[in-house]
Every structure is written in C-alpha cells, then in structure tokens.
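# A structural walkthrough
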Amino acid sequence: DAMVIQNPRYQVTQFGKPVTLSCSQTLNHNVMYWYQQKSSQAPKLLFHYYDKDFNNEADTPDNFQSRRPNTSFCFLDIRSPGLGDAAMYLCATSGGLAVYNEQFFGPGTRLTVL
Amino acid sequence: AQSVTQLDSQVPVFEEAPVELRCNYSSSVSVYLFWYVQYPNQGLQLLLKYLSGSTLVKGINGFEAEFNKSQTSFHLRKPSVHISDTAEYFCAVSGSRQGAQKLVFGQGTRLTINP
C-alpha cells in the first residue's frame, strides 16, 4: 500500500544534542509537510516543500531545518533541541498545493528531550 | 486570517448513541473545511471535507458534517457510535484555494465511547 512512513516512531535525545527525524513516502507526491504537535494541542505547520522549493512558516524557530534530497524523502533537523521541543512530529504529503489535494499523514515521531 | 474553535475538549458518549462534535470557524475569505481523526499514537486521517456545493458532506466511517455559513459552523455528526470511534477529532480550515494548502487546526475534541 502507498503510504507515508516516519522513522523512528520514538526518539529520545539530550538537551542541545542535534537530532534528525525521517519521513519517506511511496505516493510520489510533490508536496511534503512537517507539523509539530505538542501534547493536547493542534498540529502546527513548521514548513513544507513543493518539489525542491522550501517554504518556511514565519514563526518556525531557526533551530528547525529541513532537507529533501529527493521526491521520496524529507528530513527534519533540530539543531539544538530544548525541553520545549518535546512533541509529536508529523509528516504529511499531498499531490499538489491546491486546497482539494488531500494531505496524507504519517504515524508521527514522538520526540523526548532529556 | 483563519481560526477554528472546537467548543468541547472532551465528549463522552455511550456506544450506539448519537454524537455531535462542534466546530466554529472564523475567516475573512472563502473557506474550505475539514475534519480529521487521530487514533492513539497514529497520524491524522481525513474524515471528510467541504470545498463547495452541497452543505451536507458525508465522510468515511458513517460520519457527516454540515456547513452553515450564517452560523460559521461545521459540526460533525454520527447517528450511532462504536467503541472503535474513540479518538481525537480535529476540525481544520484553509482559506486558500491557490498556493500552499495551509491548514489551521482547532484544539481537538477527544471522543470517548463507553460500553
């Protein structure tokens, strides 16, 4: 089945130690998104790629970076994680940017910062 | 700018009872409305969406929602719930038909089904 895969499902890191979260997709979608979802809160968009074009949300901290080496993979890099970065990180894809393109979500990676 | 308010953070209901999860939105432009479900430790799954046309939208798993422009609401309903419907439900709005599809989510409603 075509799907969005996130690895690892659970990640533990230390305060200030860089961490990378991975997302891959078999849907061949142009657009990939990264969301941050803190406990009992709504998902919040961090950034998205349309093909290789990177689009950062205005309020996304500089501590968060992303890479998309090819259509299938997208990475979220947190350069110096703080305690406040502990959250579920959701990757999503869509076939285009128009509003009728459904976003397909991965299962998420739960990040713990010690 | 768009915003979404989900009026209930938690809704407990008994199995086979009807349920309504409330969602109100605010937008100064055309709106496109969505309901997503999130089962424990999983990503979000689209239940249904309103883009245009009929104001009554039917989705998966027996859910439906009605777009009410005058009341700026998009409430989700199911006539008879099952234990398997226990999950977090998110209402979302997008105000842009062209360009990036930016979803603004509500805070979520936790639906708990009791036997």
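Structure: above.
Predicted model only: the values in this text are computed from it and were never measured.

Criteria and cut-off values
Residues numbered from 1 in each chain as written. Chains lettered and ligands numbered in written order. Predicted model: local features only at pLDDT ≥ 70, side-chain atom pairs only at ≥ 80, totals over all residues. Heavy atoms only, no water. Contact = heavy atoms within 4.5 Å. Buried area = accessible area lost by both parts, 1.4 Å probe. Salt bridge = Lys/Arg side-chain N within 4 Å of Asp/Glu carboxyl O. Polar contact = N/O pair within 3.5 Å; in protein donor to acceptor, adjacent residues only side chain to side chain. Helix = DSSP H or I, 4+ residues; strand = E, 2+ residues; numbered from the N terminus. Pairing = 2+ DSSP bridges. Axes fitted to C-alpha atoms, helices over the stretch in contact; angles between N-to-C directions. Buried < 20%, exposed > 50% of the residue type's maximum accessible area, 1.4 Å probe, protein only.

Time to look at the interface of chain B and chain A. The interface of chain B with chain A comprises 23 residues on the first partner and 24 residues on the second. Summed over both sides, the interface between chain B and chain A buries roughly 1900 Å², with carbon and sulfur atoms accounting for 54% of that surface. Of all residues in chain B, the largest losses of buried area upon contact with chain A belong to Asn41, Leu44 and Gln101 of chain B, amounting jointly to 30% of the total for that side. Where chain B meets chain A, there are zero salt bridges. Seen at the junction of chain B and chain A, the total is two residue pairs in polar contact (both at pLDDT 80 or more). At four residues, strand β5 (residues 32–38) of chain B tops the list of elements feeding residues into the side of chain B that touches chain A.

What follows covers the sheet that holds strand β1 (residues 4–7) of chain A. Residue and element names in this part refer to chain A. If you walk across this open sheet you meet the four strands as β1-β3-β8-β7, and the pairing is antiparallel. Either end of the sheet is taken by a strand with one partner, and the two such strands are β1 and β7 (64–67). For this sheet, the mean angle separating the axes of adjacent strands, direction not counted, is 20 degrees. With six bridges joining them, strand β3 (residues 19–25) and strand β8 (residues 73–78) adopt antiparallel strand pairing.

The next point concerns unusual backbone geometry. Residue and element names in this part refer to chain A. Omega for the bond connecting Asn7 with Pro8 falls within 30 degrees of zero, at -10 degrees, which places this linkage in the cis form. Structurally, the position occupied by Pro8 is in the loop between β1 and β2 (10–13). We note that Ser40 has phi near 60 degrees; this positive angle belongs to a residue other than glycine. Looking at the element boundaries, Ser40 is found in the loop between β4 (31–37) and β5 (44–50). For Ser40, a relative accessible area of 66% corresponds to the exposed category.

Honestly, it's all geometry; don't read function into it.
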